[in-house]
Amino acid sequence: MRTGIFFTYFQGERLKDFPEALAGILDKENVLYYDAVYNSRNGLYYLAPVSEEVLFKVHSRRMVEAVKRTGDYEAALYSAGGTVQAAGEMWQGKIGNAFVFTSFGDHHAGRDFFGGMCYFNGAALAIAALKEKGVKRFAIVDTDSHHADGTRDIFAGDDNVLHVCFCYQNYEDEHNNVDIVVPWRTSDEEYLAKMKREFVPRAVAFKPEYIFWEFGYDATQGEYGDKGLTRDCHPRLAKIIKGVADEVCNGRLTVILCGGSGRAIATYTIPRIIDCLAELGRFQ
Ligand SMILES: [Zn+2]
Ligand SMILES: [Zn+2]
């Protein structure tokens, strides 16, 4: 399995230890590193910002203009660009799965609104681009602590996208939109059991061709969406979700960094998730 890592340089604290924290991973033969800054270095691949052509497939002109006025437009383009490019590289068979670092997340960005540190919906943009290449079915699983209102807005009526969001409510409709309630206090075991019970069988039955995981770690203890999870829950989730991707769609899984603020948790969990994706076995 070849794993693509899509990396940009960021504002803020949480990714200060990267890419150094990926030492021992980046030099592996099956790991391809797409970097937005040092694109001229030998052996690295260039990460491109998302194009306006793709942006307007999902977002309104009014919204894109509003994002331009925030001062974060470029960082938002690169954040979403990583996911769009990851999906494109997968479609071409260059990589099997991917981890996308972001400055700004996805899931609070709808067709015509944004908020909560999300500007453009990278998963939705990647899906729009893949649909034009003839791909039909997709699954998005969201383990950020909060409800994915933006993603839901975009795919509310789209039967070809299974959206399973772990948040504050239980919900299910005829268009393959599902919310799974996570109580304000839970445990790793409970959460992992929910993933196995609620996402895995739905994804297996749905048979998506691509899976996107909105990986937020803000439900970890001490975070702003604390639900009592430990940092070890996330690599264990990775194993379950990767298992589904391997079973139903030749492993095609894109992990998108979503909410979470702690630097130590990012530095602990992200290398372990990438290790799982690339099947390196360094942490066992
Ligand atoms: Zn969140
Ligand atoms: Zn939800």
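Above this text is the structure in question.
Throughout, residues of each chain are indexed from 1 in the direction in which the sequence is written. The naming scheme follows written order: chains are lettered A onward, ligands numbered 1 onward. Thresholds applied to this predicted model are a pLDDT of at least 70 for local features of residues and 80 or more for the giving and counting of side-chain atom pairs; totals over whole chains, interfaces and linings are not thresholded and use all residues. Hydrogens and water are ignored here; the side-chain numbers use all heavy atoms of the structure.

Concerning the coordination of the zinc ion (ligand 1)
Line of reasoning, step 1. The donor definition counts N, O and S atoms within 2.8 Å of each metal and applies 3.2 Å to Na, K and Ca; water is not among these atoms, so some sites may look incomplete. On the protein side, the zinc ion (ligand 1) has Asp144 (OD), Asp144 (OD), His146 (ND1) and Asp218 (OD) as donor atoms, found 1.9 to 2.8 Å from it.
Line of reasoning, step 2. For the zinc ion (ligand 1), the donor residues sit on a single chain with the sequence spacing D-x1-H-x71-D. Here histidine 146, found in the loop between strand E5 (138-142) and helix H5 (149-155), pairs with aspartate 218, found in the loop between strand E9 (210-215) and helix H7 (233-248); they are 72 residues apart in sequence, far enough to count as distant.
Line of reasoning, step 3. Relative accessibility thresholds used throughout: buried, under 20% of the residue-type maximum; exposed, over 50%; partly exposed, between the two (1.4 Å probe, protein chains only). A relative accessible area of 1% places aspartate 218 in the buried class. We count a stretch as a helix when DSSP gives it H or I for four or more residues in a row; a strand needs E for two or more, and each element gets its number in order from the N terminus.

Topic: the packing of helix H6 (residues 188-206) against H7
Line of reasoning, step 1. Where H6 contacts H7, the axes come no closer than 10 Å and their chain directions differ by 15 degrees. As summarised for this structure, H6 and H7 are arranged roughly parallel, according to the angle between their axes. In this structure, H6 crosses over H7, and the sense of that crossing is right-handed. Of H7, the residues touching H6 (which contributes Asp188, Glu189, Tyr191, Leu192, Met195, Lys196, Phe199, Val200, Ala203 and Val204) are Cys233, Arg236, Leu237, Ile240, Ile241, Val244, Glu247 and Val248.
Line of reasoning, step 2. Grouping the amino acids of the contact of H6 with H7 by side-chain chemistry returns 13 nonpolar, no polar and five charged. To obtain each axis, a line is fitted to C-alpha atoms, and for helices this fit is confined to the stretch in contact; angles are then taken between N-to-C directions over 0 to 180 degrees. Any angle that is under 35 degrees is reported as roughly parallel, and any over 145 degrees as roughly antiparallel; angles of 65 to 115 degrees are reported as roughly perpendicular and all others as oblique. Two helices crossing with the near one rotated counterclockwise from the far one by less than a right angle form a left-handed crossing, whereas a clockwise rotation gives a right-handed crossing. When checking whether two residues touch, look at their non-hydrogen atoms; a contact exists if any pair is within 4.5 Å. Side-chain classes are defined by residue name, with Ala, Val, Leu, Ile, Met, Phe, Trp, Tyr, Cys and Pro counting as nonpolar, Asp, Glu, Lys and Arg as charged, and the others, Gly among them, as polar.

Observations regarding the coordination of the zinc ion (ligand 2)
Ideal values for angles at a metal depend on the geometry: 109.5 degrees with four tetrahedral donors, 90 or 180 degrees with six octahedral donors.
Line of reasoning, step 1. Only His147 (ND1), Cys165 (SG), Cys167 (SG) and Asp179 (OD) from the protein coordinate the zinc ion (ligand 2), and they sit 2.0 to 2.3 Å from it.
Line of reasoning, step 2. Key to geometry: four donors with every angle between 85 and 135 degrees are tetrahedral; four donors are square planar and six octahedral where opposite donors lie over 155 degrees apart and all remaining angles lie between 65 and 115; all other sites are irregular. Its four donor atoms give the zinc ion (ligand 2) angles of 102 to 115 degrees at the centre, a pattern that matches the tetrahedral case.
Line of reasoning, step 3. For the zinc ion (ligand 2), the donor residues sit on a single chain with the sequence spacing H-x17-C-x1-C-x11-D. Residue histidine 147 is found in the loop between E5 and H5, and its partner aspartate 179 is found in strand E8 (residues 177-181); the two are separated by 32 residues along the sequence. As far as the burial class goes, histidine 147 and aspartate 179 line up, both buried.

Re the pattern of salt bridges
Line of reasoning, step 1. For this document, the term salt bridge refers to a Lys or Arg side-chain nitrogen within 4 Å of an Asp or Glu carboxyl oxygen. Enumeration according to the criterion identifies 19 salt bridges in this entry.
Line of reasoning, step 2. Here aspartate 112 ties to arginine 62 by a salt bridge, and the two come within 2.8 Å at their closest N and O atoms. Here the residue aspartate 112 occupies a position in the loop between strand E4 (97-100) and helix H4 (122-132), and arginine 62 occupies one in helix H2 (residues 61-68), the gap between them amounting to 50 residues.
Line of reasoning, step 3. Judged by its relative accessible area of 34%, aspartate 112 falls in the partly exposed class.
Line of reasoning, step 4. For arginine 62, a relative accessible area of 58% corresponds to the exposed category.
Line of reasoning, step 5. The closest approach of N and O atoms between aspartate 246 and lysine 242, which form a salt bridge, is 2.7 Å. Residue aspartate 246 and its partner lysine 242 are both found in helix H7; the two are separated by four residues, about one turn of the helix.
Line of reasoning, step 6. Judged by relative accessible area, which is 33%, aspartate 246 ranks as partly exposed.

Remember, this is a structural readout, not a statement about activity or role.
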